[in-house]
Amino acid sequence: MDTSSPSIFVNGESLPLYFGKRVRAVVQVIQSDGAGTTAKSTDEHQLIIKGLPVIPPLNFVEVIGIADSNQSVNAEIWTDFGSSFDAASYNQLCKLANGEFKALFL
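- An unreviewed UniProt entry annotates the protein chain as nucleic acid-binding ob-fold-like protein of Salix viminalis.

## With respect to the pairing of strand 4 (residues 46-50)
Item 1. Alternating residues of strand 4 divide into L47 and I49, all buried, and Q46, I48 and K50, none buried.
Item 2. Note that strand 3 (residues 36-41) and strand 4 share five bridges and pair antiparallel. Bridge pairing links K40 to Q46 in strand 4.
Item 3. The turn linking strand 3 back onto strand 4 is made up of four residues, and E44 within it adopts a positive phi angle of 75 degrees.
Item 4. Note that strand 4 and strand 6 (residues 72-82) share three bridges and pair parallel. Looking at strand 6, one finds that I49 is bridged to V73.

## Re the packing of aromatic side chains
Item 1. Under the definition given, this model contains five aromatic pairs.
Item 2. Look at F81 and F85: their rings are 5.2 Å apart centre to centre, the planes differ by 5 degrees, and that puts the pair in the stacked class.
Item 3. Judged by its relative accessible area of 28%, F85 falls in the partly exposed class.
Item 4. The rings of F9, F60, F81, F85, Y90 and F105 are connected pair by pair, giving a single aromatic cluster.
Item 5. In this structure, R24 packs its charged tip against the face of F9, placed 5.6 Å from the ring centre.

## Observations regarding the nonpolar core
In summary, soluble globular proteins display a tendency toward joint burial of nonpolar side chains.
Item 1. One finds V10, L15, V23, I49, L52 and V63 to be the most contacted residues of the largest nonpolar core, which totals 18 residues.
Item 2. For this core, the secondary-structure elements that each account for two or more residues are strand 2 (22-32), strand 4, strand 5 (60-69) and strand 6.
Item 3. The element best represented in this core is strand 2, accounting for four residues.
Item 4. The contacts of V23, once residues within four sequence positions are left out, are S7, I8, V10, L15, Y18, V63, I64, G65, A67 and V73.

About the thresholds
Residues numbered from 1 in each chain as written. Predicted model: local features only at pLDDT ≥ 70, side-chain atom pairs only at ≥ 80, totals over all residues. Heavy atoms only, no water. Buried < 20%, exposed > 50% of the residue type's maximum accessible area, 1.4 Å probe, protein only. Helix = DSSP H or I, 4+ residues; strand = E, 2+ residues; numbered from the N terminus. Pairing = 2+ DSSP bridges. Phe/Tyr/Trp six-rings, centres within 6.5 Å; stacked < 30°, edge-to-face > 60°. Lys NZ or Arg CZ within 6 Å of the ring centre and 35° of its normal. Core = buried A, V, L, I, M, F, W, Y, C linked by side-chain atoms within 4.5 Å. Contact = heavy atoms within 4.5 Å.

Pasting the structure below:
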């Protein structure tokens, strides 16, 4: 496992805290045209993901990249999880990773 460039687990609420840093988020694609992808975070915030290929609507995608605004991520790595993903559990993980257990994740 490569630990030289860690990424922070984020949802839509915590993304603005990490502007300019490497983050990891799971989003559900709303619209994808190859130039930018409109997606919904696991806590229902609308985000723009730059640098993704065209991905079918409603698929969940894990994105690792740089948070380049309060509502967007410039993707470096992505994994398409398909249309079945437990978004609520991931959202809880994000809350723990940015809350009382933050030291375990950074």
